[in-house]
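Notes for the structure review
Read off the chains here:
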Amino acid sequence: MRAHGFGISALAYAALFYFNSWLTSSFVFGAGVNGVYLPAGLRLFLILIFGLPGAIGIALASFLISYCGALSDDLTICIGTGLISGFAPYLARIFVLSNLELDSDLSNLNLSKLLILICILVFAALSAGLHQFWYATVNIDDSGTMNHFIAMFIGDILGLVLLISLIKYSLDLLRRFRKTAH
């Protein structure tokens with residue numbers, strides 16, 4: 001399963017990125033800042049499941065999205081953006097698995113753990129902070145401000161909670177369906 005994590009993560013992240021861009025186009029706050037960012041939840045979920053291959057897949061997809069999209073045609077900016085997108089959630093994963101006793105397959109994740117999961121805050125802070133620091137360092141228009149950090153932080157949290165809750169609820173329904181089918 002981990003060997004496929006690279007490709008699954010890259011494709012799923014890119015698909016949800018473009019879907020989210022279409023769905024929430026009126027909530028864009030600035031370069032790389034969205035009021036509701038569902039791909040943030042997917043990034044964390046995929047990396048909790050796939051680990052390093054997931055981080056690499058997301059980093060590659062984010063690089064390609066940045067380079068082929070409206071962010072920049074500067075290779076350095078796009079590489080930095082890709083690395084932050086893939087490895088901020090990976091750092092949060094390391095923190096969670098070492099400190100919160102969460103199984104890597106999420107089998108012991110329940111709603112109460114999800115609501116108090118410090119990983120959501122750690123990831124959102126790391127992602128927003130590293131992205132805004134990077135954008136300010138490379139002089140992306142109006143980036144690096146506290147307003148952009150706060151907007152990205154809130155958008156990532158909303159995306160994380162919405163998407164991971166939906167995934168967890170769907171997995172629970174699937175388990176119940178399988179139990180009743182047998």
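Below is a short write-up of the structure.

About the cut-offs
- Counting starts from 1 at the beginning of each chain's written sequence and moves along it residue by residue.
- Thresholds applied to this predicted model are a pLDDT of at least 70 for local features of residues and 80 or more for the giving and counting of side-chain atom pairs; totals over whole chains, interfaces and linings are not thresholded and use all residues.
- Values shown for side chains rest on all heavy atoms present in the structure; no hydrogens or waters enter the calculation.
- Planes of paired rings set the category: under 30 degrees apart is stacked, over 60 is edge-to-face and the rest tilted, where pairs are Phe, Tyr or Trp rings (Trp by its six-membered ring) whose centres lie within 6.5 Å.
- Counting from the N terminus, the helices are DSSP H or I runs at least four residues long and the strands are E runs at least two residues long.
- Relative accessibility under 20% of the residue-type maximum defines a buried residue, over 50% an exposed one, and the middle range a partly exposed one, all with a 1.4 Å probe and only protein chains included.
- For the purposes of this section, nonpolar cores are sets of buried Ala, Val, Leu, Ile, Met, Phe, Trp, Tyr and Cys residues that join through side-chain atoms within 4.5 Å.
- Here, residues are in contact when the closest pair of their heavy atoms is within 4.5 Å.
- Within this document, salt bridges are pairs made up of a side-chain nitrogen of Lys or Arg and a carboxyl oxygen of Asp or Glu, the two lying within 4 Å of each other.
- Axes here refer to lines fitted to C-alpha atoms; in helices the fit is confined to the stretch in contact. Angles between the N-to-C directions go from 0 to 180 degrees.
- Angles are sorted into four bins: roughly parallel if under 35 degrees, roughly antiparallel if over 145, roughly perpendicular if 65 to 115, and oblique for all others.
- The handedness criterion is simple: a crossing whose near helix is rotated anticlockwise from the far helix by less than a right angle is left-handed, and one whose near helix is rotated clockwise is right-handed.
- For this classification, Asp, Glu, Lys and Arg are treated as charged, while Ala, Val, Leu, Ile, Met, Phe, Trp, Tyr, Cys and Pro are nonpolar and the rest, including Gly, are polar.

**Focus: the packing of aromatic side chains**
Under the counting rule described, the total for this entry stands at seven aromatic pairs. Centre to centre, the rings of Phe87 and Tyr90 are 6.1 Å apart; their planes meet at 85°, and the pair counts as edge-to-face. Taken as a pair, Phe87 and Tyr90 lie in helix H4 (residues 75-99) at a separation of three residues, close to a single helical turn. With a relative accessible area of 26%, Phe87 lands in the partly exposed category. What links up through ring pairs into an aromatic cluster is the set Tyr13, Phe17, Tyr18 and Tyr37.

**Structural notes on the nonpolar core**
In this structure, Tyr13, Leu44, Phe123, Leu160 and Leu163 are the most contacted members of the largest nonpolar core, which totals 32 residues. Put simply, the parts of the chain that give this core at least two residues each are helix H1 (2-23), helix H2 (38-50), helix H3 (52-68), H4, helix H6 (118-137) and helix H7 (146-181). Sort the elements by how many residues they give to this core and H2 lands first, with 10 residues. Apart from the residues lying within four places of it in its own chain, the contact partners of Leu44 are Pro89, Ala92, Cys119, Phe123, Leu160 and Ile164. Grouped together as the second largest cluster of nonpolar side chains are five residues, Ile77, Ile84, Trp134 and Tyr135 included.

**Overview of the pattern of salt bridges**
Side-chain pairing between opposite charges can occur once the charged atoms of the two side chains come close. Applying the stated rule across the entire model yields two salt bridges. Among the salt bridges present, the one from Asp172 reaches Lys168, with a minimum N-O distance of 2.9 Å. Here Asp172 pairs with Lys168, and both are found in helix H7, just four residues apart, close to one helical turn. The closest approach of N and O atoms between Asp172 and Arg175, which form a salt bridge, is 3.3 Å.

**Notes on the packing of H2 against H7**
Packing of H2 against H7 brings their axes to within 6 Å, and their N-to-C directions diverge by 60°. Taken together, H2 and H7 sit at an angle that is classed as oblique. You can see that H2 and H7 cross each other, and the crossing is right-handed. Between H2 and H7, the residues in contact are Leu38, Ala40, Gly41, Leu42, Arg43, Leu44 and Phe45 and Asp156, Gly159, Leu160, Leu162, Leu163, Ile164, Ile167 and Leu171, respectively. The residue makeup of the contact of H2 with H7, split by class, is 11 nonpolar, two polar and two charged.

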